Amino acid sequence: DLIPYQRDFQMQKAAWNLFTVMIPADQRRMLAQFQVMTDGPGGVLSAIEQTPGDPTRWVLQSDIADMPDTKNLAFTLLHEFGHLLTLNSSQVPPDLRVFNNPNSTIIRQRAIAACKTYFSGEGCSLSSSYVNEFFQRFWTDIYNEWSLIDRIDDQDRRDARLHSFYRKYNDRFVDSYAATSPVEDIAETWAYFVLSPRPSSQSVSDQKMMFFYSYPGLVSLRDQIRLGLCAARP
């Protein structure tokens, strides 16, 4: 039943072309592969993960069942690029012990304890990295509260607690998904930064978008991406 999806090369290429039209070539050098997958309509639209053999290289995944929704696809690809932008090896050097032992809680906890900056999951972020600067400015006062929720094993219970966490701090986040973790927060805020007008209020969520305006290179990249989006007209 997946054969029609497998053979829809036009749709697959269109999704990749949308990404390349938006994201300049020099900004996606960490990508090793574009992977087409599906969990059916309405599930995971796109994702990224490190390649199995090299944690400095990444795979971009997109769900072909959701590719026809080009507006959501464009937003989600921007979000995933936000991860690539903030988690690549120049920002977060990969922790090889964690990478080579993904199921070891002990190794992960030791790595977190030894990290003096924000530990993203892939490694200990550099002090000047986007994600650490973002974390230090916007997450230090609520991180312990979030961490207790993140440790909940039951998915439904954790989701319910995260929803309550978002409602408590909704003025701090651009949307509910941003409240799921600092890593998702910065990637989601990045997508809003690219697509939204420059904010004028003093809400924390607007301050998070203004965070990116403090980096001239990211403002220039925003302009390039928006030009690409205008050309693609998704």
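Please refer to the structure higher up on the page.
Reading the values: the criteria
- Residues numbered from 1 in each chain as written.
- Predicted model: local features only at pLDDT ≥ 70, side-chain atom pairs only at ≥ 80, totals over all residues.
- Heavy atoms only, no water.
- Salt bridge = Lys/Arg side-chain N within 4 Å of Asp/Glu carboxyl O.
- Helix = DSSP H or I, 4+ residues; strand = E, 2+ residues; numbered from the N terminus.
- Buried < 20%, exposed > 50% of the residue type's maximum accessible area, 1.4 Å probe, protein only.
- Pairing = 2+ DSSP bridges.
- Axes fitted to C-alpha atoms, helices over the stretch in contact; angles between N-to-C directions.
- Contact = heavy atoms within 4.5 Å.
- Disulfide = S-S within 2.5 Å.
- Lys, Arg positive; Asp, Glu negative; His and termini not counted.
- Polar contact = N/O pair within 3.5 Å; in protein donor to acceptor, adjacent residues only side chain to side chain.
- Parallel < 35°, antiparallel > 145°, perpendicular 65-115°, else oblique.
- Left-handed = near helix turned anticlockwise from the far one by under 90°.

A. Up close: the pattern of salt bridges. Scanning the model with the defined rule gives four salt bridges in all. With a closest N to O distance of 3.0 Å, Glu145 and Lys168 form a salt bridge. In this pair, Glu145 sits in helix H7 (residues 143-150) while Lys168 sits in helix H8 (residues 155-168), placing the two residues 23 residues apart along the sequence. Residue classification places Glu145 among the partly exposed residues on the basis of a relative accessible area of 28%.

B. Local environment of the sheet that holds strand E2 (residues 46-51). Taken together, three strands build an open sheet; the order of strands is E1-E3-E2 and the sheet is mixed. A single partner strand is all that each edge strand has here, and the edge strands are strand E1 (31-37) and E2. On average, each strand axis in the sheet is inclined to that of its neighbour by 25°, with strand direction left out of account. Contacts between helix H2 (residues 9-22) and the sheet are confined to E1 and strand E3 (54-63), with E1 contributing the most and set at about 140° to the helix. Here helix H3 (residues 70-87) sits on the sheet and contacts E1, E2 and E3; the angle it forms with E2, its principal contact strand, is near 30°.

C. Inspection of the state of the cysteines at higher detail. Here the structure, examined in full by the defined rule, presents one disulfide. Across a sulfur-sulfur distance of 2.0 Å, Cys115 and Cys124 are joined as a disulfide pair. When the S-S torsion is 85°, as for the bridge of Cys115 with Cys124, the disulfide is right-handed. For Cys115, a relative accessible area of 10% corresponds to the buried category. Residue Cys124 is classed as partly exposed on the basis of its relative accessible area, which comes to 28%.

D. Here's a closer look at the pairing of E3. Burial within E3 is extensive, with seven of its ten residues counted as buried. Pairing between E1 and E3: six bridges, direction parallel. Bridged to Met37 within E3 is Asp63. One ladder, built from six bridges, connects E2 with E3; its direction is antiparallel.

E. Examining the side chain of Arg28 more closely. Relative to the helices and strands, Arg28 is located in the loop between H2 and E1. Of the buried charged residues, Arg28 lacks a salt bridge, with Asp26 as the closest side chain of opposite charge at 7.5 Å. Polar side-chain contacts of Arg28 include one of 2.7 Å to the backbone oxygen of Ile23. Not counting residues up to four positions away in its chain, the partners in contact with Arg28 are Trp16, Phe19, Thr20 and Ile23.

F. Focus on the packing of H2 against H3. In contact at an axis separation of 10 Å, H2 and H3 are set at 55° when each is read in the N-to-C sense. Put simply, H2 runs oblique to H3. Crossing of H2 over H3 shows right-handed handedness. Across the interface between the two elements, Ala15, Leu18, Phe19 and Met22 of H2 pack against Thr70, Leu73, Ala74, Leu77, Leu78, Phe81 and Leu84 of H3.

G. How the structure looks around the environment of Ser120. The topology assignment puts Ser120 in the loop between helix H5 (105-114) and helix H6 (130-138). Those residues within four positions of Ser120 in sequence are excluded, and the remaining contacts are Leu87, Val92 and Val183. Among the polar contacts listed, one links the side chain of Ser120 to the side chain of Glu122, at a separation of 2.9 Å.

Such coordinate-based values are descriptive only and should not be taken to indicate function.
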